[in-house]
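Coordinate analysis (summary)
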Amino acid sequence: MAVLEIRDIHKRFGDLLVLDGVSLSIEKGEVVALLGPSGSGKTTLLRCANFLETADEGQLVFDGKAYGFGTIRKKEIAAIRKRTGFVFQNYNLFANKTALENVTQGLTVARKMKKDQAEAIGMEMLKKVGMEARADYYPSQLSGGQQQRVAIARALAPDPEIIYFDEPTSALDPELIGEVLAVIQDLAKEGRTMLIVTHEMNFARNVSNRTIFMEDGKIVEQGESKAFFDHPQNERTKAFLRRVIEHDSGGNE
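Every value quoted in this text rests on a predicted model; they were computed, and no experiment measured them. (Residues numbered from 1 in each chain as written. Predicted model: local features only at pLDDT ≥ 70, side-chain atom pairs only at ≥ 80, totals over all residues. Heavy atoms only, no water.)

1. Re the overall build of the protein chain
Scanning the protein chain from terminus to terminus reveals nine helices and 10 strands. Rg of the C-alpha trace for the protein chain: 18 Å, near the compact-globule value of 18 Å for 253 residues, within the 12% margin. In terms of its C-alpha atoms, the protein chain occupies a principal-axis envelope of roughly 55 × 45 × 35 Å. Scored against the burial criterion, the 253 residues of the protein chain give a buried share of 49%. A separation of at least 24 residues holds for 64% of the contacts in the protein chain among residues at least 6 apart in sequence. A distance of 6 Å separates the average location of the 33 positive side-chain charges in the protein chain from that of its 36 negative side-chain charges. (Helix = DSSP H or I, 4+ residues; strand = E, 2+ residues; numbered from the N terminus. Rg over C-alpha atoms; globule rule 2.2 N^0.38 Å. Buried < 20%, exposed > 50% of the residue type's maximum accessible area, 1.4 Å probe, protein only. Contact = heavy atoms within 4.5 Å. Lys, Arg positive; Asp, Glu negative; His and termini not counted. Charge placed at Lys NZ, Arg CZ, Asp CG, Glu CD.)

2. Quick notes on the nonpolar core
One finds Leu 126, Val 150, Ile 152, Phe 165, Ile 184 and Met 194 to be the most contacted residues of the largest nonpolar core, which totals 38 residues. Looking at which element gives the most residues to this core, the answer is helix 6 (residues 174-190), with eight residues. Listed in part, the 31 residues of the second largest apolar core include Ile 6, Val 32, Ile 80 and Leu 195. (Core = buried A, V, L, I, M, F, W, Y, C linked by side-chain atoms within 4.5 Å.)

3. Notes on a negative patch on the surface
On the surface, Glu 101, Asp 116, Glu 119 and Asp 136 cluster together into a patch of negative charge. Tracing the chain through its elements places Glu 101 in helix 3 (residues 99-109). (Patch = residues over 30% accessible without salt bridge, like charges linked within 9 Å, V, L, I, M, F, W, Y side chains within 5 Å. Areas by Shrake-Rupley, 256 points an atom, 1.4 Å probe, with all protein chains shown as cover. Salt bridge = Lys/Arg side-chain N within 4 Å of Asp/Glu carboxyl O.)

4. Brief notes about the packing of helix 3 against helix 5 (residues 144-156)
Two numbers describe how helix 3 lies on helix 5: the axes approach to 8 Å, and their chain directions differ by 25 degrees. On the basis of the axis angle, helix 3 is roughly parallel to helix 5. Where helix 3 crosses over helix 5, the two elements pack in a sense that is right-handed. Contacts from Ala 99, Asn 102 and Val 103 of helix 3 reach helix 5 at Val 150, Ala 153 and Arg 154. Classifying every residue of the contact of helix 3 with helix 5 by side-chain character gives four nonpolar, one polar and one charged. (Axes fitted to C-alpha atoms, helices over the stretch in contact; angles between N-to-C directions. Parallel < 35°, antiparallel > 145°, perpendicular 65-115°, else oblique. Left-handed = near helix turned anticlockwise from the far one by under 90°. Nonpolar A, V, L, I, M, F, W, Y, C, P; charged D, E, K, R; others polar.)

5. Looking at the packing of aromatic side chains
Overall, the coordinates contain five aromatic pairs when judged by the stated rule. Where Phe 86 meets Tyr 164, the ring centres are 6.1 Å apart and the plane angle is 45 degrees; that geometry is what we call tilted. Placement of the pair is Phe 86 in strand 6 (residues 84-87) and Tyr 164 in strand 7 (residues 162-166), with a sequence separation of 78 residues. Like Phe 86, the residue Tyr 164 is buried in the burial classification. Each ring, one from Phe 213 and one from Phe 240, has its centre 4.9 Å from the other, and the planes form 35 degrees; the classification is tilted. Of this pair, Phe 213 sits in strand 9 (residues 210-215) while Phe 240 sits in helix 9 (residues 235-249); the two residues are 27 residues apart in sequence, bridging distant segments of the chain. The burial state of Phe 213 is the same as that of Phe 240; both residues are buried. Against the face of Tyr 137 rests Arg 134, its NZ or CZ located 5.6 Å from the ring centre. (Phe/Tyr/Trp six-rings, centres within 6.5 Å; stacked < 30°, edge-to-face > 60°. Lys NZ or Arg CZ within 6 Å of the ring centre and 35° of its normal.)

6. Thoughts on the sheet that holds strand 8 (residues 194-197)
Read across the open sheet, the six strands follow the order 6-7-8-3-9-10; overall the sheet is mixed. Whereas interior strands pair on both sides, the edge strands pair on one side only; in this sheet they are strand 6 and strand 10 (218-224). Strand after strand, the sheet turns through a mean of 15 degrees between neighbouring axes, direction not considered. Relative to strand 10, strand 9 is paired through six bridges, and the arrangement is antiparallel. Within the sheet, the bridge partner assigned to Met 214 lies in strand 10 and is Ile 219. Against the sheet, helix 1 (residues 42-49) engages strand 3 (31-35), strand 6, strand 7, strand 8 and strand 9, with an angle of about 145 degrees to strand 7. (Pairing = 2+ DSSP bridges.)

7. Some remarks on helix 6
Relative to the 24 Å expected for 17 residues at 1.5 Å per residue, helix 6 spans 26 Å between its end C-alpha atoms, a close match to the ideal helical length. All of the buried residues along helix 6 are Leu 176, Ile 177, Val 180, Leu 181, Val 183, Ile 184, Leu 187 and Ala 188. Down the axis, helix 6 shows its buried residues gathered within 155 degrees of arc, on one side only. Turned more than 90 degrees away from the buried face of helix 6 sit Glu 175 and Lys 189, all of them exposed. (Expected span 1.5 Å × (residues − 1). Arc of directions from axis to C-beta.)

Keep in mind these numbers describe shape, not what the thing actually does.
Now the structure itself:
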């Protein structure tokens with residue numbers, strides 16, 4: 001059964017059509033990589049799925065229940081968000097809170113969980129991402145990779161049914177990317193359901209079950225990841241992969 005289904009979503013920013021009738025479905029335990037050039041609509045799709053942006057048209061089906069993007073109520077949005085996690089490009093940690101406090105904030109505030117219970121979960125999540133030794137550190141005392149791992153722990157804390165990752169390594173120095181990708185790979189092995197916007201081609205090929213390529217607000221091609229990379233069918237997909245691979249091999253990353 002699909003955890004998440006998006007049906008015919010449209011989104012405009014002024015006169016610019018950013019999402020043009022995109023539909024996709026994600027099964028429980030599936031890891032889906034979302035690729036495409038800048039401006040293709042990948043991040044907007046992710047943000048609309050979690051109601052960080054308001055889509056103009058279309059439906060979201062979450063755990064079997066359908067909601068209209070234009071008619072969903074705030075109470076319903078809050079209920080869905082409690083069952084999802086979101087990892088941002090730039091971590092979005094509270095600068096005045098420790099790593100542990102960042103992870104427990106959503107549990108104590110949104111879920112009214114007792115502090116000791118929230119801290120027990122928080123430490124467990126920090127341990128899962130290899131950050132338990134820095135539970136009392138503030139974001140300014142952590143590297144970008146460490147901050148992103150704390151952000152992943154925060155997303156994991158409420159035990160979400162799906163986690164959205166918006167280019168989780170794009171703000172990192174190259175030597176820090178591996179530590180974050182390793183954490184996400186471990187989550188994939190656990191059977192976590194994830195939708196990941198990424199530019200990391202090897203990661204998409206080897207970790208995701210399925211890869212989707214978007215351009216101009218539409219899905220151009222999708223398929224089982226290894227087949228997608230080894231035998232792309234669409235000429236636009238082939239050109240995109242060729243450009244990215246040439247860019248990476250040229251040492252520009």
